[in-house]
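If you want the building blocks of each chain, they are given just below.
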Amino acid sequence: MTNTSDQKIIDKIEKFFTSHQVIQYKKGDMILRAHDIPSGISYIQSGIVRLFSISPEGEELTLHAFKPGAFFPIAWAINEEANDYYYEALGDAVIYRAPSKDVMLFLEENPDVLLALMSRILFGLKGYTTKIEHLVFDRALGKTASLLAYLAKQFGKPEGKEIMISIPFTHDHLASWLGMTRVSISQAMTNLKKMKLIHYQNGLIVIAKPEDLEQIK
């Protein structure tokens, strides 16, 4: 549940960005491409945005999925770093875009917002480090189970004792996220279904036994 202080910060961010340009994207639309110079900082009012990179061989690697309330590319605005990644709408999305100088001034004048942003970045960094650990140490089944557990925490909606992942992630998305082949992911998902740890409902992944899923190694 969002507390009063958090809601005030959310309202402050929403008020700032919604006074700027609004753009609507459809599923699969590219919001920003690698090496493009961003035209501003994008704020997600609704929808999910996938962050990914592409190898020289053309393979995609999913790095993160941004939820409503996130804004990007913040490293470009703060550190003046070149953008090396792709941002894609996973479904219909409403994005507001503000000039980076306006965003930086907004953060300077609102330290509570800056602190909330840093907290969100650190939480995301924890997810990255966990992902690296699993990529190095886990087997295919364990990697897939760990990713599903992470997605359930990020995008899950409780359905009784089960958790439904509210975003229709495909096997291709999961494979891209873990740097694995689609065949490996499909086999792992089949095994998790046989173990009655997951099932599908209306095209969405449902975690039937969240605690048991997290124990898979």
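Here the structure is shown first, and the text comes after it.
Residues numbered from 1 in each chain as written. Predicted model: local features only at pLDDT ≥ 70, side-chain atom pairs only at ≥ 80, totals over all residues. Heavy atoms only, no water.

## Quick notes on the sheet that holds strand E5 (residues 60-66)
Operational definition: Here, strands pair whenever DSSP counts at least two bridges between them. Put simply, DSSP marks the helices as runs of H or I at least four residues long and the strands as runs of E at least two long, and each gets a number from the N terminus on. To obtain an axis, a line is fitted to C-alpha atoms, over the contacting stretch when the element is a helix, and the angle between two such axes runs from 0 to 180 degrees between their N-to-C directions. Pairs of residues are marked as contacts when any of their non-hydrogen atoms sit within 4.5 Å.
In spatial order, the strands read E2-E7-E4-E5; together these 4 strands make up an open sheet with antiparallel pairing. Taken across any chain shown, the strands that pair with only one partner, and hence form the sheet edges, are strand E2 (30-32) and E5. Neighbour-to-neighbour, the strand axes of the sheet open up by a mean angle of 35°, direction not taken into account. Pairing analysis gives 6 bridges linking strand E4 (residues 49-54) to E5, with the strands arranged antiparallel. Counted as the bridge partner of Phe52 is Thr62 from E5. Across the face of the sheet, helix H6 (residues 171-178) comes into contact with E4 and E5 while running at roughly 100° to E5.

## Observations regarding the pattern of salt bridges
Rules: Any Lys or Arg side-chain nitrogen located within 4 Å of an Asp or Glu carboxyl oxygen qualifies as a salt bridge. Under the scheme applied here, a residue whose accessible area is under 20% of the maximum for its type counts as buried, over 50% as exposed, and between as partly exposed, the area being computed with a 1.4 Å probe on protein chains only.
In the structure shown here, the tally under the stated rule is 6 salt bridges. Between Lys153 and Glu214 there is a salt bridge whose closest N-O contact spans 3.7 Å. One end of the pair, Lys153, is in helix H5 (residues 140-155); the other, Glu214, is in the segment after helix H8 (210-213), with 61 residues separating them in the sequence. With relative accessibility at 64%, the residue Lys153 sits in the exposed group. Given the relative accessible area of 40%, Glu214 is considered partly exposed.

## Re the sheet that holds strand E10 (residues 162-165)
Strand order in the open sheet formed by 4 strands is E9-E10-E12-E11, with antiparallel pairing between adjacent strands. Each edge of the open sheet carries a strand with a single partner, namely strand E9 (156-159) and strand E11 (198-201). Going across the sheet, the axis of each strand differs from the next one's by a mean of 30°, ignoring polarity. As defined by bridge partners, E9 adjoins E10 across 4 bridges and the pair is classed as antiparallel. Following the sheet pairing, Pro158 is matched in E10 by Ile163.

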